[in-house]
Every structure is written in C-alpha cells, then in structure tokens.
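Now for the letters of each chain:
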Amino acid sequence: MSEQSFEQMLEESFKTIRNGEVVEGTVIDVKPDEIVLNIGYKSDGIITRNEYTNEPNVDLTTLIEAGSTMEAKVLKVNDGDGQVLLTYKRLAAEKGSKRLEEAFENKEVLTAKVAQVLNGGLSVIVDEARVFIPSSLVSDVYEKDLTKYDGQEIEFVITEFNPKRRRIIGDRKQLLAAQKAELRKALFERINVGDVIEGTVKNVTDFGAFIDLGGADGLLHISEMSWGRVESPKKAFKVGDVVKVFIKDINDTKIALSMKFPEDNPWNNATEKFAAGTPNKTQEKGLNILTMHSAKGLEFDRVYLPDVNEGIIPGKEIKTEKEHEEERRLLYVAITRAKNELYLYYTKERNRKLSRYLEGITPHP
C-alpha cells in the first residue's frame, strides 16, 4: 500500500460529519426502497425511499443508477445500525424553497405537475418544495370537481411566500384571466357587425345560448336561433356544439349573435310562392294561414277566423293558436265561402275588392 493512500485512509478515519451537514457521495448500490452512498466516511450513507421522494411506492431502481453522484443532507450520523441516515428530499426542498422565493420576487411563471388533489385545492411540487393552489385560484370560472387536474402540468405564479409558516400559495387564475384578456382584445379588433363566425356552445339557458367565440362569449337569443319557431334552446343545442353564426350587434363588450341568415329568410319568395288568389282548403272550424315552422321553411298552421262569409281580413285580426308577428307584417288574407267551405287567398293589398283576386280561381273540390 502506498504512503499516499495510507495518509488518505488515516485522514478519512478522523473525518467527522454532523447532523444537518450537506455531503456528496457516490451511489454504490440501489434497491427498490433505498439508496446506498459512499460519502467518504467510515460508514456508508443510506437514503430511504421516503427521504428521496414524496411519491409513494416508487421503485428507486428506476430513478437512480449505481456510479452516479449526488448530494444529500445528514439526518443522523448513526441510525442505530452504524450507518449514516441521509435525506435527498429535504435538501431538494430547501433548494426548491429558494427557487420559489426567487420566482415570487420576480413574478415568474412556473410549470409543475399536480401531485395531489385536495378538498380545498391543488398541491404541486417544485424541486420537492410544495405549493398550494386554493380552489378559488385554480381557474377563472367556478369548478366544483378538480380531479381532472390530477397529474397534469399546470402554469402558475407564486403570490404568497412564507416558508416559516409553511405557507406558499400559487395562483393560476390570474394567468388565465390575462390570457383571456389578450384573446378578447384580439377578437374585438378583428370582428365587425355582419361577420360570419364559428363558435362553440358554452352554456344553454331557457332564453338562449352563450357561444364561445375564442376570447369572448356572444349571446344567441332564442328569437335569433331560427327563422322558424324554437320551442326550447336546450332541445336545439347542447354544450360543445360548433355553430356558425353572424354578428348582429356589438355593444361595448356585449356581442349579439344570430342564425337568421338573410339569404335563408323563408319570406324572400313568399309573394311568388303564395301569390294573391292561391287557394288553401280549410279544416273544420279552422283556416290554414301561412306561417313559419322550425327549419322546414314555410308551412301552414291552424288559425281561427271571425264569423264572416267573405272579405279581406288583416293578419292582426286573425286569432292564431300561437302568435306569429313575422307573418302578420307581410300578408293580408282574403276569404270566401264556396260549397259551404271557406277558402284562403293571400294578398299584400288591403283595399282591393275580393272579386279581383277570385277571377279564374276554381275552388278546391
């Protein structure tokens, strides 16, 4: 044995370590639940699984290889079995705490994986240092169930740093709000009244649907969903549907949408399809009048007339089973009695004599 190696051995035999000291060692053995390090001391250092990571039941052989070097902190010089008990996790947490302090001071955006979903929020780990994100700061909208975030990587900022009280608070909400503000600004800069745009149904109510336009929501009111009747928005749309709409109005930050595209207006050709004198046979005590129904376009609906034999009656005087303001604006109706049955004739003019519209018209058999 050389003189130099003997001196080294002698020096090591007198080497002392203390609790709390940071030492560097070489991995000489790895087991599923512990790591053995040569730390240049008369006894080897041991890092148990619980002192290496916060992840339970992890196999350390999948994380560490023999021959690698690492730093650890001394917990006990003698663990009772003549070995030095070390911790990697707590040293990393201290370093992580310093990292979080710097991020807090610099308002840095951090990215970390959600380690645990708690009743009051999320727990994330940055370099073995825990950060708590309260439920109210997880999202810019209320979310009752946070389990979808388990195991996901999320971005956040540190808004409170007090390691002495073990209080390190993260905030994801303000990042989402800032992103949406940028998207909202960009959206309003590019859209104009009359633009056709695609959006996703975000929420459906009894009076309409809110459409996510990618930066802001627009309201598609029930009256703007179709040229026909829509009994219930909840029957017509569901959350997640992609729809094509056009912008009817922009008022400050409010966007009114419509699906009543002018080219689809069923009244566009009404005067051609239902010219004056077009007969339509009545049923029982009701009379068929031109109405709009659903997406089928122009159809006939039952109406009830005053007790008259013939004449021209404004649409507003006809009592319908449901109110139809659109058709009342356009047409007047003419009626006559033939073979004990009433017939309906469409006309746009109120004061013409009925006979002019009956010339050449053969009543239905």
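Quick caveat, the model's predicted, so the values are computed rather than measured.

On to the overall build of the chain, then. Of regular secondary structure, the chain possesses seven helices and 22 strands. Burial analysis of the chain (365 residues in total) assigns 38% to the buried set. When contacts within the chain are restricted to residue pairs at least 6 apart in sequence, long-range pairs at least 24 apart make up 56% of them. Accessible area for the chain stands at about 22,200 Å²; split by element, carbon and sulfur atoms hold 46% of it.

By the definition in use, this model includes four aromatic pairs. Ring geometry for Y52 versus Y88: centroids 4.8 Å apart, planes at 20°, classification stacked. Here the residue Y52 occupies a position in the loop between β3 (45-48) and β4 (69-76), and Y88 occupies one in the loop between β5 (84-87) and α2 (89-106), the gap between them amounting to 36 residues. Accessibility expressed as a relative area gives 11% for Y52, which makes it buried. What makes Y88 partly exposed here is its relative accessible area of 28%. On the basis of an interplanar angle of 25° and a centroid distance of 6.4 Å, the ring pair of F104 and F161 is categorised as stacked. Of this pair, F104 sits in helix α2 while F161 sits in strand β9 (residues 153-162), placing them 57 residues apart in sequence. Judged by relative accessible area, F161 falls into the buried class, the value being 17%. Lying across the ring of F261, K244 places its NZ or CZ 5.7 Å from the centre.

Our next topic: the sheet that holds strand β14 (residues 242-251). Taken together, the five strands give a closed barrel; going around it, the order is β11-β12-β13-β15-β14, and neighbouring strands pair in mixed fashion. On average, adjacent strands in this sheet sit at an angle of 55° to one another, irrespective of strand direction. Bridge analysis of strand β12 (residues 208-212) against strand β13 (residues 217-221) gives five bridges, and the strand direction is antiparallel. For F210, the partnering residue across the bridge sits in β13 and is L219.

Time to look at the pairing of strand β10 (residues 167-171). Counting buried residues along β10, four of its five residues qualify, which places the element largely inside the surrounding structure. Hairpin connection, β9 to β10: the antiparallel pair is bridged by four residues, and R166 has positive phi, about 55°.

Attention now moves to the pairing of strand β8 (residues 129-134). In this sheet, β8 lies alongside strand β7 (residues 121-126) in antiparallel orientation, the contact comprising six bridges. Among the inter-strand pairings, G121 is bridged to a residue of β8, identified as P134. In sequence, β7 turns back onto β8 through a hairpin of two residues, with D127 there showing a positive phi of about 50°.

What follows deals with the environment of S97. If you trace the backbone, S97 turns up in helix α2. With a relative accessible area of 18%, S97 lands in the buried category. A C-alpha to C-alpha distance of 7.6 Å links S97 and P163, two positions 66 residues apart in sequence. Leave out the neighbours within four places in its chain, and S97 touches A129, F161 and P163.

Since the α-helix advances by 3.6 residues per turn, residues separated by three or four positions end up pointing in the same direction. Counted at 1.5 Å a residue, the expected span for helix α3 (residues 173-190) with its 18 residues is 26 Å, and the 26 Å between its end C-alpha atoms agrees. Among all positions in α3, only L175, L176 and L187 are buried. Angular distribution of buried residues about the axis of α3 spans 105°; they occupy a single face of the element. Across α3 from its buried face, at more than 90 degrees, point the exposed residues E182, K185 and E189.

On average, residues of the chain carry a pLDDT of 77, and 68% of them reach 70 or more. Predicted confidence for residues 337-365 stays below pLDDT 50, and this span has 88 contacts to residues more than four positions away or in other chains.

What counts, and at which threshold
- Sequence positions are assigned chain by chain, starting from 1 and proceeding in written order.
- Local features are withheld for residues below a pLDDT of 70 in this predicted model, meaning they are given only at 70 or higher, and side-chain atom pairs are given and counted only at 80 or more; totals for whole chains, interfaces and linings count all residues.
- The basis for every side-chain value is the complete set of heavy atoms in the structure, and neither hydrogens nor water enter the calculation.
- A run of DSSP states H or I qualifies as a helix once it reaches four residues; a run of E qualifies as a strand once it reaches two. Both are numbered from the N-terminal end.
- For every residue, the accessible area (1.4 Å probe, protein chains only) is compared with the maximum for its type, and the residue is labelled buried under 20%, exposed over 50%, or partly exposed between those bounds.
- Residue contacts are defined here by distance: any two heavy atoms, one from each residue, within 4.5 Å place the two residues in contact.
- In these tables, accessible area is a Shrake-Rupley quantity obtained with a 1.4 Å probe, and a residue counts as shielded only by the protein chains included in the view.
- Classification of ring pairs rests on two measures: the distance between centres of Phe, Tyr or Trp rings, Trp counted by its six-membered ring, which must be within 6.5 Å, and the angle between planes, read as stacked under 30 degrees, edge-to-face over 60 and tilted in between.
- Here, a charge over a ring is recorded when the distance from Lys NZ or Arg CZ to the ring centre is within 6 Å and its angle to the ring normal is within 35 degrees.
- Only strands that DSSP links by at least two bridges are regarded as paired with each other.
- Here the axes come from fitting lines to C-alpha atoms, over the contacting stretch only for helices, and the angles between their N-to-C directions go from 0 to 180 degrees.
- In a helix, the anticipated span is given by 1.5 Å times the number of residues less one.
- The arc in question is the one traced by the directions running from the helix axis out to the C-beta atoms.
- Confidence of the predictor in every single residue is expressed as pLDDT, which spans 0 to 100.

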